[in-house]
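Structural characterization, general
Residues per chain are reported as follows:
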Amino acid sequence: MKLNRWIIWGIAIQLILIIATSFMFNQKKSTTTSEESVRGTALSIWVYSQGLETSINEFHQAYPNIDVDVRYFRSSDQLFTELMAAISANAAPQLAEIKSFYGIAQLVDAGAVLPIDNLSIPEWKKLQPTFTEPFHYSDLDWAVPIGGSIPMLYYREELLKNSQKGSFTGWGEVSNAAMETNLIGNDGGMKGHWGIAIDKELPWYLESLNVKESQGGTEEYGKFDSAISMWGEWVHNLKVMKPLTHRRAASDFINGKIGLFLSSSEQLMTVERYIGGKFQYNAQWLPGLEQQGIVPSIDGMIVLNSTQTKVKAANSFISYMIQETTQNDLWRSIGLIPSRSDVLLKLQEEGQWNASQKMMLDSVRMFSAKRPAKMDFERWSYTQSMLEQLEQDPNDAKEKHFEEEYETWLLK
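Below or above, wherever it landed, is the structure these notes cover. (Residues numbered from 1 in each chain as written. Predicted model: local features only at pLDDT ≥ 70, side-chain atom pairs only at ≥ 80, totals over all residues. Heavy atoms only, no water.)

A word on the overall build of the protein. Tallying secondary structure elements over the protein gives 17 helices and 13 strands in all. By the burial criterion, 48% of the 412 residues in the protein qualify as buried. Within the protein, contacts between residues separated by at least 24 positions form 72% of all contacts whose residues are at least 6 apart in sequence. Working note: accessible area of the protein is about 21,300 Å², and carbon and sulfur atoms make up 53% of it. (Helix = DSSP H or I, 4+ residues; strand = E, 2+ residues; numbered from the N terminus. Buried < 20%, exposed > 50% of the residue type's maximum accessible area, 1.4 Å probe, protein only. Contact = heavy atoms within 4.5 Å. Areas by Shrake-Rupley, 256 points an atom, 1.4 Å probe, with all protein chains shown as cover.)

Among the residues of helix H15 (residues 355-362), those classed as buried are Ser356, Gln357, Met359, Met360 and Leu361. The elements touched by buried residues of H15 are strand S7 (151-156), helix H10 (268-275), strand S12 (281-285), helix H13 (324-334) and helix H14 (341-350).

Another point: the pairing of strand S2 (residues 66-72). Bridging between strand S1 (residues 41-47) and S2 involves seven bridges; their strand directions are parallel. Across the sheet, the residue bridging to Ser44 is Asp69, located in S2. (Pairing = 2+ DSSP bridges.)

The next subject is the sheet that holds S7. The strand order across the open sheet formed by four strands is S10-S11-S7-S12, and the pairing between neighbours is mixed. Across the chains shown, the open sheet's two edge strands, defined by having one partner strand only, are strand S10 (196-198) and S12. Mean inter-strand twist for the sheet, computed between neighbouring axes without regard to direction, equals 25 degrees. Direction of pairing for S7 relative to strand S11 (residues 260-264): antiparallel, over a ladder of five bridges. From the neighbouring strand, Tyr155 faces S11, where its bridge partner is Leu260. Of the strands in this sheet, S7, S10 and S11 touch helix H6 (residues 171-178), which is tilted by about 125 degrees from S11. (Axes fitted to C-alpha atoms, helices over the stretch in contact; angles between N-to-C directions.)

Looking now at the packing of helix H16 (residues 376-392) against helix H17 (residues 402-411). Between H16 and H17, the shortest axis-to-axis distance is 11 Å and the interhelical angle comes to 115 degrees. Here H17 runs roughly perpendicular to H16, going by the angle between their axes. Considering how the two elements wind past one another, H16 and H17 form a crossing that is right-handed. Here Glu378, Arg379, Tyr382, Thr383 and Met386 of H16 lie close against H17, whose contacting residues are Phe402, Glu403, Glu405, Tyr406 and Trp409. Each residue belonging to the contact of H16 with H17 can be placed in one class, and the counts come to five nonpolar, one polar and four charged. (Parallel < 35°, antiparallel > 145°, perpendicular 65-115°, else oblique. Left-handed = near helix turned anticlockwise from the far one by under 90°. Nonpolar A, V, L, I, M, F, W, Y, C, P; charged D, E, K, R; others polar.)

Turning to the environment of Ile334, a few remarks are in order. Note on placement: Ile334 falls in helix H13. Taking the C-alpha atoms as reference points, Ile334 and Leu268, 66 residues apart in sequence, are found 8.6 Å from one another. Among residues more than four places away in sequence, those in contact with Ile334 are Gly51, Glu266, Met269 and Asp329.

A full pass over the atoms with the stated rule returns 25 aromatic pairs. Ring centres of Tyr406 and Trp409 lie 6.1 Å apart, and the angle between their planes is 20 degrees; on these two criteria the pair is classed as stacked. Separated by three residues within a single helix, Tyr406 and Trp409 lie in helix H17, roughly one turn from each other. Exposure remark for Trp409: the relative accessible area of 34% places this residue in the partly exposed category. Here the aromatic residues Phe80, Phe101, Tyr102, Trp204, Tyr205, Phe377 and Trp380 are joined through ring pairs into a cluster of three or more. If you follow Arg156 out to its NZ or CZ, it ends over the ring of Phe279, 4.1 Å from the centre. Of note, Arg379 hangs over the ring of Tyr406, and the distance from its end group to the ring centre comes to 5.4 Å. (Phe/Tyr/Trp six-rings, centres within 6.5 Å; stacked < 30°, edge-to-face > 60°. Lys NZ or Arg CZ within 6 Å of the ring centre and 35° of its normal.)

A separate point is the nonpolar core. Residues Leu260 and Ile302 are the most contacted members of the largest nonpolar core, which totals 93 residues. Tallying contributions element by element places helix H8 (residues 223-237) first for this core, with seven residues. Apart from the residues lying within four places of it in its own chain, the contact partners of Ile302 are Leu83, Gln94, Leu95, Ala96, Ile98, Ile104, Leu107, Val113, Trp142 and Ala143. If you look at the next biggest cluster of nonpolar residues, it comprises 27 residues, including Phe59, Leu127, Val311 and Ile322. (Core = buried A, V, L, I, M, F, W, Y, C linked by side-chain atoms within 4.5 Å.)

Here the focus is a nonpolar patch on the surface. Taken together, the side chains of Met375, Trp409 and Leu410 define a hydrophobic patch exposed on the protein surface, amounting to about 240 Å² of accessible area. Positionally, Leu410 belongs in helix H17. For Leu410, a relative accessible area of 31% gives the class partly exposed. (Patch = residues over 30% accessible without salt bridge, like charges linked within 9 Å, V, L, I, M, F, W, Y side chains within 5 Å. Salt bridge = Lys/Arg side-chain N within 4 Å of Asp/Glu carboxyl O.)

The next subject is the pattern of salt bridges. Considering all chains together, one arrives at 15 salt bridges under this definition. Close ionic contact of Lys374 with Asp109 constitutes a salt bridge, the shortest N to O distance being 3.1 Å. Within this pair, whereas Lys374 is found in the loop between H15 and H16, its partner Asp109 is found in helix H4 (residues 104-109), the two being separated by 265 residues in sequence. A relative accessible area of 56% means that Lys374 is categorised as exposed. With a relative accessible area of 48%, Asp109 lands in the partly exposed category. Note that Arg379 and Glu403 form a salt bridge whose closest N and O atoms lie 2.6 Å from each other. With Arg379 in helix H16 and Glu403 in helix H17, this residue pair connects regions lying 24 residues apart in the sequence. By relative accessible area, which is 38% here, Glu403 ends up partly exposed.

To continue, consider the layout of surface pockets. The space that makes up the largest pocket amounts to roughly 1,000 Å³. In this structure, the largest pocket is lined by 39 residues; those nearest its centre are Arg74, Asp199, Lys200, Glu201 and Gln267. Counting only elements with at least two residues in the lining of the largest pocket, the list comes to helix H3 (76-88), helix H7 (202-208), helix H9 (249-254), S11, H10, strand S13 (297-303), H13 and H16. Taken together, the residues that form the lining of the largest pocket break down as 10 nonpolar, 17 polar and 12 charged. (1 Å grid on protein atoms, 1.4 Å probe; cavity = no way out; pocket = protein on both sides within 12 Å on 5 of 7 lines; lining within 4 Å. Points joined across faces, edges and corners; volume = space filled by probe spheres on them.)

So this is what it looks like as structure tokens:
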């Protein structure tokens, strides 16, 4: 009996050892598989802001288990166009940068983008509401804003000589300055006007032109139509803006070929770097925007449909981009206005900024939120096309009633 008892105990101990060994092996295998899954995560990111390269590299250093594949685009327009094509071909990235002008509604309606889980982002409550509003659609948030910019008027300081207030207070003053004689000559020798140029995102700049209604104007046909009229006058009547030269506007200003330049605050560091000491220049808010309010350009990051592991990695990147240190770095390196209110407040309190930088930080108090709409992309495309047509054809510079003509275009 004793022998049988020992045999039974021996068999039981062997079984326990086998079970324990098997459990440890499977646990180790499971852990290894999990680690390999994380380590093997590849994150595809599409961006148009070249200045994000440093932040992306720093993210990869902070998260070495995530392999980052970045594709850079020359503009937000190009990125969005190729993104829609990639979605149709089931070849979309996991993350993409998007402008607040248009696109969110279209992506959401196509079922291509995932809503932002605000509760999983501790920093969400610190984001400025006017930065999150442009990405709020169908009662959900669809992008995380990483920063923004405002429209600004850059100008040669010598053109401000007739101003009594140290800045251009109206578009009439701007037009007069653009007509000042350029002693050097726009084409290398002959005298001409200093002129004005407008950067590529034409619909944003058009909406930012606070032009007083013309005499006899009605409430229905007001500032927007007056802005279009002024645009055509610059090109065809005053001849201070060359048609269809928007893609080279920045280089023309930097190289001294024009005297006034309408662009984004994100261009400030580029302008400073390349002008150097060639001539004295300055930058200001667009005339009238203090009364009208500023609709900023917001850069956001969207997460597209993918596997659970990749979505988790994408959320890690988004959280990294709105960390306090990252937000600070984006302001100091590329002049992106922080999307976090607390970071913005600290920067405002530093008091070390030049006049243009201080103006950018202070502009947030004038921000006007604009929620997305289904027809944002169509309206943007129509406005862009309408302005290009206006610049090419002098006969098209007649009095325009934008909303009426836009509605007619939609019905075609």
